Every structure is written in structure tokens, then in C-alpha cells.
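So you can see what is in the structure, the chains are spelled out below.
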Amino acid sequence: FGFPPFLFGLPHRMLFYSFFKTLIGKEVVVELKNDLAIRGTLHSVDQYLNIKLLNVSVVEPDKFPHMQSVKHCFVRGSVIRYAQLPKADVDVELLQDATRKEAQQQRAAK
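Residues numbered from 1 in each chain as written. Predicted model: local features only at pLDDT ≥ 70, side-chain atom pairs only at ≥ 80, totals over all residues. Heavy atoms only, no water.

**Q** Help me out: how do you make sense of the environment of V45 in this one?
**A** Mapped onto the elements, V45 comes out in strand β3 (residues 37-45). Taking the C-alpha atoms as reference points, V45 and F20, 25 residues apart in sequence, are found 6.9 Å from one another. For V45, the residues in contact, after removing those within four places along its chain, are Y17, F20, K21, N50 and I51. (Helix = DSSP H or I, 4+ residues; strand = E, 2+ residues; numbered from the N terminus. Contact = heavy atoms within 4.5 Å.)

**Q** What is the right way to look at the pairing of strand β2 (residues 27-32) in this model?
**A** Along any regular strand the residues' side chains alternate between the sheet's two faces. In the sheet, β2 pairs with β3 via five bridges, with the strands oriented antiparallel. Along β3, the bridge assignment pairs V29 with R39. What sits between the antiparallel neighbours β2 and β3 is a turn of four residues, in which D35 has the positive phi angle 75 degrees. Where β2 meets strand β6 (residues 80-84), four bridges bridge the pair, whose relative direction is antiparallel. Considered in β6, the bridge of V30 is made with A83. (Pairing = 2+ DSSP bridges.)

If you want it as C-alpha cells, here you go:
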């Protein structure tokens, strides 16, 4: 299961922040805008969706040999293209309900 976390504005960012916090300790794959894909254990995330990964490995080591020695890394949220998450840990219905509620609140505020 993967989705681009930066298609949405600030209110949705907080939804994704809360969601990503539930994935701490899980293995994720993060694809960066420079085409580098990194697999690692999510250690932390902040409100800007900056993440820290532990036990990092590069998905395509032949394309990025200089990254093979990296074991832990910090990734700025603004350079993330996609985040691939463990399907078993994604409650799609919960995310859809939360998104609907936020949209309703935004419409009511206008």
C-alpha cells in the first residue's frame, strides 16, 4: 500500500502525522524525489512528516552504491515522493472516515 503524503494541505498533513505515528517501529519504504528508495524501520516522525529511519537498506543498491554504508537516516518530509506502508498496518476505513470528517468540517467552516 503506498500513497504520496504531500498531495494534501495542512489539515490533511496532521491526519497523516497522526497516522504515521502509529507506524513507528514498522518497516516502511520511502521513495524520494531523486528516485532513491530506502527501506527501514520508522523510528520517528514530526508534524512536517520528516522521518527518521533505522536499519536502512537501499532498494536498488546498484543505482546508489554510495548509500550502502548508511544504516540510519533522517529524511526531510518535503523530499518524499511516496511512502510504501505495510498493508496489514493500514486501516483504510479509518483513514477514509477521518478524511471525510475533515472535509465536512472544512465545508461547515466556509
